[in-house]
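Secondary and tertiary structure notes
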Protein chains: 4
Amino acid sequence: MESKLRAAIVGSTGYGGVELIRLLQSHPKVEITSVISSSSAGVPIEEGFPHLTGIIERELDGVDAQEMAERADIVFTATPSGVSTKLVPQLLAAGLKVVDLSGDFRLKDGAEYEQWYKHPAPADEYLQRAVYGLCEVYGERAAGVDFISNPGCYPTATLLGLIPALEAGWIKPDSIIIDAKSGVSGAGRGTSLMVHYSEINENFKAYKINKHQHIPEIEQVLTDIAGAKVTVTFTTHLVPMTRGIMSTMYAGMLGQHTEEDFIELYRKYYAGRPYVRVRNAGIVPATKEVSGSNYCDIGFATDARTGRVTIVSVIDNIVKGAAGQAIQNLNLMMGWEETLGLGYTPVYP
Amino acid sequence: MESKLRAAIVGSTGYGGVELIRLLQSHPKVEITSVISSSSAGVPIEEGFPHLTGIIERELDGVDAQEMAERADIVFTATPSGVSTKLVPQLLAAGLKVVDLSGDFRLKDGAEYEQWYKHPAPADEYLQRAVYGLCEVYGERAAGVDFISNPGCYPTATLLGLIPALEAGWIKPDSIIIDAKSGVSGAGRGTSLMVHYSEINENFKAYKINKHQHIPEIEQVLTDIAGAKVTVTFTTHLVPMTRGIMSTMYAGMLGQHTEEDFIELYRKYYAGRPYVRVRNAGIVPATKEVSGSNYCDIGFATDARTGRVTIVSVIDNIVKGAAGQAIQNLNLMMGWEETLGLGYTPVYP
Amino acid sequence: MESKLRAAIVGSTGYGGVELIRLLQSHPKVEITSVISSSSAGVPIEEGFPHLTGIIERELDGVDAQEMAERADIVFTATPSGVSTKLVPQLLAAGLKVVDLSGDFRLKDGAEYEQWYKHPAPADEYLQRAVYGLCEVYGERAAGVDFISNPGCYPTATLLGLIPALEAGWIKPDSIIIDAKSGVSGAGRGTSLMVHYSEINENFKAYKINKHQHIPEIEQVLTDIAGAKVTVTFTTHLVPMTRGIMSTMYAGMLGQHTEEDFIELYRKYYAGRPYVRVRNAGIVPATKEVSGSNYCDIGFATDARTGRVTIVSVIDNIVKGAAGQAIQNLNLMMGWEETLGLGYTPVYP
Amino acid sequence: MESKLRAAIVGSTGYGGVELIRLLQSHPKVEITSVISSSSAGVPIEEGFPHLTGIIERELDGVDAQEMAERADIVFTATPSGVSTKLVPQLLAAGLKVVDLSGDFRLKDGAEYEQWYKHPAPADEYLQRAVYGLCEVYGERAAGVDFISNPGCYPTATLLGLIPALEAGWIKPDSIIIDAKSGVSGAGRGTSLMVHYSEINENFKAYKINKHQHIPEIEQVLTDIAGAKVTVTFTTHLVPMTRGIMSTMYAGMLGQHTEEDFIELYRKYYAGRPYVRVRNAGIVPATKEVSGSNYCDIGFATDARTGRVTIVSVIDNIVKGAAGQAIQNLNLMMGWEETLGLGYTPVYP
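So, how was this worked out
- Residues numbered from 1 in each chain as written.
- Chains lettered and ligands numbered in written order.
- Predicted model: local features only at pLDDT ≥ 70, side-chain atom pairs only at ≥ 80, totals over all residues.
- Heavy atoms only, no water.
- Helix = DSSP H or I, 4+ residues; strand = E, 2+ residues; numbered from the N terminus.
- Rg over C-alpha atoms; globule rule 2.2 N^0.38 Å.
- Areas by Shrake-Rupley, 256 points an atom, 1.4 Å probe, with all protein chains shown as cover.
- Phe/Tyr/Trp six-rings, centres within 6.5 Å; stacked < 30°, edge-to-face > 60°.
- Buried < 20%, exposed > 50% of the residue type's maximum accessible area, 1.4 Å probe, protein only.
- Lys NZ or Arg CZ within 6 Å of the ring centre and 35° of its normal.
- UniProt positions renumbered as here; feature names shortened; annotations may be inferred.
- Contact = heavy atoms within 4.5 Å.
- Least-squares fit on C-alpha atoms with pLDDT ≥ 70 in both.
- Pairing = 2+ DSSP bridges.
- Domains from an automatic or database assignment.
- Buried area = accessible area lost by both parts, 1.4 Å probe.
- Salt bridge = Lys/Arg side-chain N within 4 Å of Asp/Glu carboxyl O.
- Polar contact = N/O pair within 3.5 Å; in protein donor to acceptor, adjacent residues only side chain to side chain.
- Axes fitted to C-alpha atoms, helices over the stretch in contact; angles between N-to-C directions.
- Parallel < 35°, antiparallel > 145°, perpendicular 65-115°, else oblique.
- Left-handed = near helix turned anticlockwise from the far one by under 90°.
- Nonpolar A, V, L, I, M, F, W, Y, C, P; charged D, E, K, R; others polar.
- Expected span 1.5 Å × (residues − 1).

Considerations on the overall build of chain A
Secondary structure summary: chain A contains twelve helices and 13 strands in total. Taken over C-alpha atoms, the radius of gyration comes to 20 Å for chain A, in line with the 20 Å a tight globule of 349 residues would show. Seen along its three principal axes, the alpha-carbon backbone of chain A occupies a region of about 60 × 45 × 45 Å. Element-wise, carbon and sulfur atoms account for 48% of the exposed surface of chain A, whose accessible area totals about 10800 Å².

Set out below in structure tokens:
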């Protein structure tokens, strides 16, 4: 019997970390050998997360690159922005594979990172070394590498919804407007008035308009695809729900295209990619239809009156937008079947 | 002591009707003399709405124009689309004042009505006679008239957010994109899978993209303001909450304007209008901040990178988007203080 | 024109304080002359509560008894437990009237206070001086006094549901089991994992079983009514909603009584009390039916199979369970109409 | 390679049916060969349930026992009450195995069925033949049988929480009070005002007090365990959430027992049963901690003041309360590992 790949999870007391634990339970080639938290080392993980009782019961380890190197083959770093900047180079130096979920290595330009993230950027060497793991677009680049930077939640939904049309030259690059909405889990488990139940429930709010750190990430990829600088208008909103992201995207069309044209274009682009599902004409997806799963569902509405297309793309922000895509990236790195550990049917209702 | 204006409410078992009852309880110059429902005549209203126990307890009356003329001076018709088409002419003929909340008399062009509403249009005479009651824009037209067509919920939030900038020539008329979100009460009290709790909760969905019947209503007013045909892209979404609408609006700017410029422009436009509140720079409103009240709150984010402005406008869809504005229109018709019966502080949290 | 009573609110940045502001806006005999916060003195209140924009805009004052005595006639102390213990004696000494919402003065026995609240108790003089303001039961005691201790949210719903039956000798005092459920606003505006949206939403949890500090408050009153020591079983749960409390109460019946008997008994007991509504047979109230209002609604189910009665009592925890009852107490203290400032129809839906 | 057991699901357009589909996707020994709906035969299942796109795409079949016998080895009947009464005998006659989720065969006494369900009872032969599939209590009876009646959702949570204590003689059989709360999915996918989003959201309501059809089911089992007639007080409430049941149960203790005693008793009783998790002292479970999984989590609070124990038991009503336990029963019938197809970690948050 083949031995399993040993995985460590840094940030196991955050929502991304705990979702990695959930999903990896069903991965046939991976075993979790360390769950790590800088703040709660020594505490049994099921104390903070009783839902894991009887499933995974172990004490949280502290953050120590050497110990990780002894216990694990791969590390998922689901850490707050800024922490991975320092930790990942140590992990790579210790010979570990890394899938980083923090966002620290997504931008290739350190100056841009510092402008949007307000932290010092990682060393340029690592920014360049990191493979941006948007699986359905750059999946081939992941094979065999040891360091993946996992895309952000908003960028994943947004980019998968825009890239085929942009690449095909069907939409005007300077016309793109992205109206994004997220469930509250995207803000993490930290406490603040922003995530206080009584402030969120029965409320809908916009935040960080044109200021969200996912903007340069989206623009970097769209620019790469278009071959010329793309600038977007991007708004984020908080929805009174826990999981799910919807990106509603607007663009002026180049040429005349029907919904059916878009559907055909996208289905061709994503052929062989099990986790993008393109809806039939007249139908756009809702967030609950992907909840708990690694799917990104996409639908279209074209409008001859205005010459614009509206593209709706949904994901579960913690799965396809974080832990699920991280595992998908692991599978691609290792040359495994892309779907290992990800065979979850959406939980509905 | 002055006698009160006698009001009848048709559609008292819908959310718009029952909200009229709530608000009119505190109106010093109005008394409710008949609550009317075609489906539940003879039933005590507190049976279907126990929250009214001890507040208003009377049997629902049937729909009969002559009886209304005997019992009431004004009728609020909070009926499904298509019903008012036939009923309102009878009420007017009987000498009643009417504020119609159904949407049947908002469009001036009967052909356009039939295209979007899929019903036969009202007689053109009534389409022309109806005064479109967007209070902060057309309030002067309401004085002394006997028939107001109350604006739709989405149009109210959207138009109040766009008109000052459009009138000032600050935004490109052909660039307007409206991404609107509504709580579920906007769909009414009728039962369907669309409003089933388990289908809505922890879900976010788009619907009727570019097909909503509020599109021609918005375009009719914007065209009036701009003096030339305006066509918009308009998407509606269902938010897992009961009350509240947010319109997030995007437009290319003509000239360079900062957030502060927009704030000054809008505060000047809405000076003396107590129910529009323009937020300070850097702040956009959330729906809960107007919940239960007649306010429309507006905020701005300008973006020098893209040359666009993002305008956020929120209302309580049942108050400012229906019953509250209807009462505001009544006040304007009667020449009363605009705020009578509407002095509700938002319910927060 | 009569001058208004000047009111100060300590704890204006908490949910109880901000609700006092909402309700007092419509009180014809009270004006708010100071909003006070120990943590945010100098900050305009509408910064933290934008829903108050244009309604009440003033800087928060610091906590200073002398200043309050100059500016106000009455102080509502909506402070965390322990703060009022020290503040209220100063306010009374300065000649102010006080309605205390903190809970510090509800128990007559300081030792019991310290056992359940884990703080030092207030001086016994003040414990004895405080009038426990359960309006529909002890309302007569409020007339003319200068110091009311406002009941807790759970005790209000629970006691109003139990007292008539207990006083009538219809239920066994040692058989009372109270299964209580509250919306999250009851936990206040402070941030913690307990009130984190993602932890509460789509979740239902029990907490502080048999350990809640409202237990001795409930038992003190029931003991007073029964004339002999009453001990209850009391469980509290958090419901994924913002407002509302339901107490589902169980007791063995003494003698045989039908639902109709209970209804008659309670309607007689609460005759002339506008804020208790007793439902008809076969119907129990839901929390939304009192939301935003000062009502306590009560319903019954008797069970001949088990000889038990189930009593369901609901309130809005921030209104009847806090700010609303505080204003009702003010009205009783002043000899005003009990309903002044409280004429709010429940907000439904 | 071993061929798989072929399964048909009647009621595939209800929440129980669609959850069977989700769970069976991961069952290594079962394949779904027919999804059946009386109302939607001929319609592709993914039309009504787009979350199944790309996972299971087949037309819904009509209800025909002979066709089922050709296509399947086992039928899950997730039908409304009354339908299985007629259908199940046909399926058994055709040689099919049946797990019935409808409730029609849970009561052994047809007269009692008719009293509580208000339908004609199934033939007594089938009432007696049905094995009541409460896995952790009666699991041994399931081995090798061809007809299981799957327990109700409330009874599952309630009985697993009460049986060890009742069997041990630690609680008074005539003192049991059950305060149960359920998410809205328990009411099914049918539309009604009761499950209308705007009526449920931000609301908490009790229903069917002492009248729920799960009462005789609970009493039948408790009577079996106690060896003497047990009668309970039982209240059900609707929680504004989709999934989850909590039973908060109260009973007078016989003898003195601590929380630790109860924990030890229950852990011993459920030893070797992977889907019951007994919490540590001082901790009671919340519904989200089992969401999406087959677990039943149980916690205790004993109270020396009143001599009562409070037992809290939670399940996911659609998994352990319906589809999950049905699959667990299948596993027990077939002599398979109890956990096949049920290895889902709870989805948190």
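Topic: the packing of aromatic side chains
The relative placement of two aromatic rings is captured by the distance of their centres and the angle of their planes. As enumerated under the stated definition, the model contains 54 aromatic pairs over all chains in all. Here Tyr269 of chain B and Tyr270 of chain B contribute two aromatic rings whose centre-to-centre distance is 4.9 Å and whose plane-to-plane angle is 75°, an arrangement assigned as edge-to-face. Residue class for Tyr269 of chain B comes out partly exposed when judged on its relative accessible area of 24%. Residue Tyr270 of chain B is classed as buried on the basis of its relative accessible area, which comes to 3%. Arranged with centres 6.3 Å apart and planes meeting at 65°, the rings of Tyr344 of chain B and Tyr344 of chain C form a pair that is edge-to-face. One end of the pair, Tyr344 of chain B, is in the segment after helix 12 (319–334); the other, Tyr344 of chain C, is in the segment after helix 12 (319–334), on a second chain. The buried category is assigned to Tyr344 of chain B, whose relative accessible area is 8%. Lying across the ring of Tyr344 of chain A, Arg22 of chain A places its NZ or CZ 5.0 Å from the centre. Residue placement shows Arg277 of chain A over the ring face of Tyr295 of chain A; its charged tip is 3.9 Å from the ring centre.

Comments concerning the UniProt feature "active site" (unreviewed entry) in chain A
Using the residue numbers shown here, the UniProt feature "active site" (unreviewed entry) corresponds to Cys153 of chain A. Residues contacting Cys153 of chain A, with those up to four places away along its chain left out, are His214, Ile245, Ile315, Asn317 and Gly321 of chain A.

A short note on the relation of the copies chain C and chain A
For the pair chain C and chain A, the superposition axis carries a translation of 0.0 Å, the fit reaches an RMSD of 0.0 Å, and the rotation angle comes to 180°. In short, the pair behaves as if placed about a two-fold rotation axis. The position closest to the rotation axis in chain C is occupied by the C-alpha of Tyr197 of chain C, lying 2.0 Å away. A shared interface surface links the copies, since 100% of the contact residues of chain C are contact residues in chain A too.

Observations concerning the pairing of strand 9 (residues 233–238) of chain D
Residues and elements named next belong to chain D. A large share of strand 9 lies buried, amounting to six of its six residues. Residues Thr233, Thr235 and His237 point to one face of strand 9 and Phe234, Thr236 and Leu238 to the other, with burial holding for every one of them. Here six bridges tie strand 7 (residues 177–182) to strand 9, and the two strands are oriented parallel to one another. Paired with Ile178 across the bridge in strand 9 is Phe234. Across three bridges, strand 8 (residues 205–207) lies against strand 9 in antiparallel orientation. Bridged to Tyr207 within strand 9 is Thr236.

A short note on the relation of the copies chain A and chain B
Take chain A, turn it by 180°, move it 0.0 Å along the axis, and it overlays chain B with an RMSD of 0.0 Å. When the interface residues of chain A are mapped onto chain B, 100% of them are again interface residues, pointing to one common binding face.

Description of the UniProt feature "domain: Semialdehyde dehydrogenase NAD-binding" (unreviewed entry) in chain A
As annotated in UniProt, the feature "domain: Semialdehyde dehydrogenase NAD-binding" (unreviewed entry) corresponds to residues 6–145 of chain A in the numbering used here. Between the end C-alpha atoms of residues 6–145 of chain A the distance is 17 Å, and the span holds 39% helix and 16% strand.

Overview of the domain arrangement of chain A
Residues and elements named next belong to chain A. With domains assigned, chain A is organised as domain 1 (5–129) and domain 2 (154–317). For domain 1 and domain 2, the distance between their C-alpha centres works out to 27 Å. If you look at the interface, domain 1 gives twelve residues, while domain 2 gives 14 residues. Interface of domain 1 and domain 2: buried area, both sides summed, is about 1200 Å²; carbon and sulfur atoms make up 52% of it. The largest contributions to the domain 1 side of the interface with domain 2 come from Tyr15, Arg106 and Trp116, which together make up 50% of the buried area. The interface formed by domain 1 and domain 2 includes two salt bridges. Between Glu19 and Arg243 there is a salt bridge whose closest N-O contact spans 2.9 Å. Counting across the domain 1 and domain 2 interface gives six residue pairs in polar contact (both at pLDDT 80 or more).

Quick word on the packing of helix 1 (residues 15–24) of chain B against helix 12 of chain B
Residue and element names in this part refer to chain B. Running from amino to carboxyl end, helix 1 crosses helix 12 at an angle of 50°, the nearest separation of the two axes being 9 Å. Compared by their axis directions, helix 1 and helix 12 come out oblique. Of the two elements, helix 1 crosses helix 12, and the hand of that crossing is right-handed. Here Gly16, Glu19, Leu20, Arg22, Leu23 and Leu24 of helix 1 come into contact with helix 12, specifically with Val319, Ala323, Gly324, Ala326 and Ile327. Counted by class, the contact of helix 1 with helix 12 contains seven nonpolar, two polar and two charged residues.

Looking at the interface of chain C and chain A
Facing the 19 residues of chain C at the interface are 19 residues of chain A. Here chain C and chain A share an interface that buries about 1600 Å² over both sides, 53% of which is from carbon and sulfur atoms. Across the salt bridge formed by Arg189 of chain A and Glu199 of chain C, the nearest N and O atoms sit 2.9 Å from each other. Where chain C touches chain A, the interface holds 18 residue pairs in polar contact (both at pLDDT 80 or more). Considering every element that reaches the side of chain C that touches chain A, the biggest residue donor is helix 9 (residues 197–200) of chain C, with four residues.

Here's the deal with helix 10 (residues 214–226) of chain B
Residues and elements named next belong to chain B. Look at helix 10: 18 Å from first C-alpha to last across 13 residues, which is about the 18 Å you get at 1.5 Å a residue. Those residues of helix 10 that sit buried are His214, Ile215, Pro216, Glu217, Ile218, Glu219, Val221, Leu222 and Ile225. Along its buried surface, helix 10 packs onto helix 5 (110–117), strand 5 (131–132), helix 7 (135–142), helix 8 (153–167), strand 7 (177–182) and strand 9 (233–238). In the stretch just after helix 10, Gly227 is the one whose phi turns positive, near 75°.

What about the pattern of salt bridges?
Per the stated rule, a full pass over the model turns up 76 salt bridges over all chains. The shortest N-O distance in the salt bridge between Arg279 of chain B and Glu289 of chain B comes to 2.8 Å. Here Arg279 of chain B, found in the loop between strand 11 (276–278) and strand 12 (296–303), pairs with Glu289 of chain B, found in the loop between strand 11 and strand 12; they are ten residues apart in sequence, far enough to count as distant. A relative accessible area of 4% means that Arg279 of chain B is categorised as buried. You can call Glu289 of chain B buried: its relative accessible area is 10%. Taken together, the shared-partner salt bridges in this structure form one network comprising Glu19, Arg22, Arg243 and Asp316 of chain A.

Details of the side chain of Thr53 of chain B
Looking at the element boundaries, Thr53 of chain B is found in the loop between helix 2 (45–48) and helix 3 (65–71). Classification of Thr53 of chain B as buried rests on a relative accessible area of 15%. A polar side-chain atom of Thr53 of chain B sits 2.6 Å from the main-chain carbonyl oxygen of Pro50 of chain B. Setting aside anything within four residues of it in sequence, one finds Thr53 of chain B in contact with Glu46 of chain B together with Arg277 and Arg279 of chain C.

Quick word on the interface of chain A and chain B
Contact with chain A, which involves 47 residues of that partner, is made by 47 residues of chain B. Both faces considered, chain A and chain B share a buried interface measuring about 3800 Å² in area, 52% of it formed by carbon and sulfur atoms. In terms of surface lost to chain B, no three residues of chain A exceed Glu202, Phe204 and Arg305 of chain A, which account for 18% of the buried area on that side. At the surface where chain A touches chain B, the tally comes to four salt bridges. At the junction of chain A and chain B, the tally comes to 32 residue pairs in polar contact (both at pLDDT 80 or more). For the side of chain A that touches chain B, the leading source of residues is strand 7 (residues 177–182) of chain A, giving four residues.

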